[in-house]
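Breakdown of the fold
Each chain, written out:
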Amino acid sequence: MSYEFITVVIEEAVGMITLNRPKILNALNLQLVDELAAELERMDRDPAIRVIVITGNEKAFAAGADINEMAEASAIEIMKRDQFAVWDRISLISKPIIGAVSGFVLGGGCELMMSCDIVIASETAQIGQPEIKLGVMPGAGGTQRLTRSVGQRKAMEMLLTGEPISAREAWQYGLVNRVVPVEAYLKEALRLAKQIAQQPPLAVQMIKKSVHKAGDLPLQEGMHYERNGFYLLLASEDRKEGMQAFLEKRNPRFTGN
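An account of the accompanying structure is given in this report. The shown structure was predicted, so the numbers you read here are calculated from the model rather than taken from an experiment.

What to know about the overall build of the protein chain
- Within the protein chain, the secondary structure is distributed over eleven helices and ten strands.
- Relative to its length of 257 residues, the protein chain is compact, with a C-alpha radius of gyration of 19 Å against a globular reference of 18 Å.
- Based on the C-alpha atoms only, the size of the protein chain along its principal axes is roughly 65 × 40 × 40 Å.
- For the protein chain, the residues scored as buried account for 44% of the 257 residues in total.
- For the protein chain, the proportion of contacts with a sequence separation of at least 24, taken over those separated by at least 6, is 68%.
- Summing over all exposed atoms, the protein chain offers an accessible surface of approximately 14000 Å²; the carbon and sulfur share of this is 56%.

And the structure:
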């Protein structure tokens, strides 16, 4: 497919989506987010792709929403636009998504980063939710995912001041997985993506679902969900291959069946 505001590269079993509005720091307009959701869904359906990477450029992953689309719109117009519905589509992607972020990771960019399953950050990343400085608040998960990631008190400070935190502080709070030099952040994300892509696809997707359920369900219900996933994977061909390869002391050949 041809897109205006994202670029797509597929290498081995990894699909990489790059946000591509560099002149305005990858500001997230409606079309870009719609293109992103459409390509994520396409990759999710493609059996040849096992892991997805979302990135921007060294200067900005995404510096927030495109204010030009909202500045003159009324509350009713924005509500009718239902611009956050597309974000729900992103949250339904079953394959693991790795965010490779650098520079400005603000507002909608931070919310997009938090929608990823794993995040590799460059040491230059500045991460935050500055919506309060514009007289509004996050609307694509900023208050909810940030609180679940860094805790209520730190989230409250970030949201009420609008001030970003450094990549290193984000790592200390568990908001990102790793912080690496700016020249290495994308390479590290792709390396990790290729490592995960070698694992059995059904088990990878079931683990992703179970981990996400952990944040939504009481412990006993979450344990029940996990157990059912374990039983279901016992019926897969990849389970047979994985255990047979272990016994034969060879590398498994997972097919996703």
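That shown, we press on.
Points about the nonpolar core
- Grouped together as the largest cluster of nonpolar side chains are 45 residues, with contacts concentrated most on Leu19, Leu40, Ile54, Phe61, Met113, Ile127 and Leu175.
- Top element by residues in this core is helix H1 (residues 30-45). It accounts for six residues.
- Sequence-distant contacts of Ile127, defined by excluding residues within four places in its chain, comprise Val105, Leu106, Cys110, Met113, Met158, Pro164, Ile165, Ala170, Leu175 and Val176.
- Counting residues in hydrophobic clusters, the runner-up holds 17 residues, among them Val53, Ile98, Ile118 and Ile196.

Examining the pairing of strand S2 (residues 14-19)
- Most of S2 is tucked away, with six of its six residues classed as buried.
- Alternating positions in S2 separate into two faces, Val14, Met16 and Thr18 on one and Gly15, Ile17 and Leu19 on the other, with burial throughout.
- With six bridges connecting them, strand S1 (residues 6-11) and S2 associate as antiparallel partners. Considered in S2, the bridge of Val8 is made with Ile17.
- Bridge count for S2 against strand S3 (residues 51-55) is five bridges, and the pairing is parallel. Its bridge partner lying in S3, Met16 is registered against Val53.
- On the question of chirality, the crossover connecting S2 to the parallel S3 by way of H1 is right-handed.

Considering the sheet that holds strand S8 (residues 126-128)
- Spatially, four strands are ordered S4-S6-S8-S9 in an open sheet, and the strand pairing comes out mixed. A strand with exactly one partner marks an edge of an open sheet, and here the two such strands are strand S4 (60-62) and strand S9 (165-166).
- The pairing of S8 with S9 spans two bridges and is classified as antiparallel. Within S9, the position partnered with Ile127 by the bridge is Ile165.
- Of the strands in this sheet, S4, strand S6 (104-106) and S8 are in contact with helix H4 (residues 108-115), which crosses S6 at around 90°.

Focus on H1
- Compared with an ideal rise of 1.5 Å per residue, which puts 16 residues at 22 Å, H1 spans 23 Å between its outermost C-alpha atoms and is within 8% of the ideal.
- Considered for burial, the residues of H1 that qualify are Leu32, Val33, Glu35, Leu36, Ala37, Glu39, Leu40, Met43 and Asp44.

Notes on the sheet that holds S3
- Taken together, the six strands give an open sheet; going across it, the order is S1-S2-S3-S5-S7-S10, and neighbouring strands pair in mixed fashion. Looking at strand neighbours, the two that pair on one side only are S1 and strand S10 (178-180), the edges of this open sheet. For this sheet, the mean inter-axis angle between neighbouring strands, taken without regard to orientation, is 20°.
- Running over the sheet, H1 touches S1, S2, S3 and strand S5 (97-101) and is turned about 180° from S2.
- Packing of helix H8 (residues 185-197) onto the sheet brings it into contact with S1, S2, S3, S5, strand S7 (118-122) and S10, and relative to S3 it is tilted by some 165°.

Calculation criteria
- Residues numbered from 1 in each chain as written.
- Predicted model: local features only at pLDDT ≥ 70, side-chain atom pairs only at ≥ 80, totals over all residues.
- Heavy atoms only, no water.
- Helix = DSSP H or I, 4+ residues; strand = E, 2+ residues; numbered from the N terminus.
- Rg over C-alpha atoms; globule rule 2.2 N^0.38 Å.
- Buried < 20%, exposed > 50% of the residue type's maximum accessible area, 1.4 Å probe, protein only.
- Contact = heavy atoms within 4.5 Å.
- Areas by Shrake-Rupley, 256 points an atom, 1.4 Å probe, with all protein chains shown as cover.
- Core = buried A, V, L, I, M, F, W, Y, C linked by side-chain atoms within 4.5 Å.
- Pairing = 2+ DSSP bridges.
- Right-handed = clockwise from strand over helix to strand, strands pointing away.
- Axes fitted to C-alpha atoms, helices over the stretch in contact; angles between N-to-C directions.
- Expected span 1.5 Å × (residues − 1).

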